[in-house]
Amino acid sequence: MSALTFTYEVPGDDFTRAGEASSDVKRKLKQLGYNPEAIRKVAIAMYEGEINMVIHAHGGEARVEVDPQEIRITLSDRGPGIPDVEKAMQEGWSTAPDTIRNLGFGAGMGLPNIKKYTDELRIDTKVGEGTTLYMKVLA
């Protein structure tokens, strides 16, 4: 199989549509016969990233590249950026407002879960310009 690429627009401020991209990727990986554990890791990491884009960045773009050895996910936004990545990687640390927390989101587990469920994670962020997450899950 040659590499396949899927691109999705992640809508901002719309929790009813958050997770559509990760659900579609999960379905496609199942159809392609990927290892269930790799599919689970991709779905969790990608969903967490989508939720972060909805909460903090008014949406963005998800790009998924699939080949027999690995799945590469790039999530890009033009949000406020992450002022302190080290803090943001701490479980429970969140800048989500109470309105978001009251909806059951913003518990401060997004980036820690992404790190936990990926084999590689790189965060490029610039305050005032946005954030790009580069993730890799081995197939």
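Above: the structure in question.
Residues numbered from 1 in each chain as written. Predicted model: local features only at pLDDT ≥ 70, side-chain atom pairs only at ≥ 80, totals over all residues. Heavy atoms only, no water.

**Q** Please clarify how the environment of Lys30 should be interpreted in this entry.
**A** Structurally, the position occupied by Lys30 is in helix H1 (residues 20-31). Separated by 20 residues in sequence, Lys30 and Val10 place their C-alpha atoms 22 Å apart. (Helix = DSSP H or I, 4+ residues; strand = E, 2+ residues; numbered from the N terminus.)

**Q** Which parts of the structure should I look at to understand the sheet that holds strand S1 (residues 4-11)?
**A** Across a sheet, paired strands are connected by hydrogen bonds in the backbone, their directions being either parallel or antiparallel. Across the sheet, which stays open at both edges, the five strands sit in the order S1-S2-S3-S5-S4 with antiparallel pairing between neighbours. Every interior strand has two partners, whereas the edge strands, S1 and strand S4 (120-126), have only one. Neighbour-to-neighbour, the strand axes of this sheet turn through a mean angle of 10°, independent of strand direction. In this sheet, strand S5 (residues 130-138) lies alongside strand S3 (residues 70-76) in antiparallel orientation, the contact comprising seven bridges. Across the sheet, residue Leu75 finds its bridge partner in S5, namely Leu133. Seen against the sheet, helix H2 (residues 36-56) touches S1, strand S2 (59-66), S3 and S5 and runs at an angle of roughly 5° to S3. (Pairing = 2+ DSSP bridges. Axes fitted to C-alpha atoms, helices over the stretch in contact; angles between N-to-C directions. Contact = heavy atoms within 4.5 Å.)

**Q** Please clarify how H1 should be interpreted in this entry.
**A** Here H1 is twelve residues long and its end C-alpha atoms lie 17 Å apart, about the 16 Å a rise of 1.5 Å per residue gives. Among all positions of H1, only Ala21, Ser22, Asp24, Val25 and Leu29 are buried. Here the buried residues of H1 occupy an arc of 160° about the axis, which is enough to place them on one side. Facing away from the buried surface of H1 by more than 90 degrees, the exposed residues are Lys30 and Gln31. With its phi angle positive at about 85°, Gly33 sits one or two positions after the end of H1. (Expected span 1.5 Å × (residues − 1). Buried < 20%, exposed > 50% of the residue type's maximum accessible area, 1.4 Å probe, protein only. Arc of directions from axis to C-beta.)

**Q** Just to check I follow, could you spell out the pattern of salt bridges for this structure?
**A** Side chains that differ in charge, positive against negative, can pair when their charged atoms come close. Applying the stated criterion across every chain, the model contains 13 salt bridges. Here Arg17 and Glu20 are joined by a salt bridge, their closest N and O atoms 3.2 Å apart. With a relative accessible area of 40%, Glu20 lands in the partly exposed category. Where Arg72 meets Glu65, a salt bridge forms, and the shortest distance between an N and an O atom there is 3.8 Å. Overall, Glu65 belongs to the partly exposed group, its relative accessible area being 23%. Each of Arg63, Glu65, Asp67, Glu70, Arg72, Glu120 and Lys136 takes part in a single network of salt bridges with overlapping partners. (Salt bridge = Lys/Arg side-chain N within 4 Å of Asp/Glu carboxyl O.)

Purely geometric stuff here, so don't read any function into it on its own.
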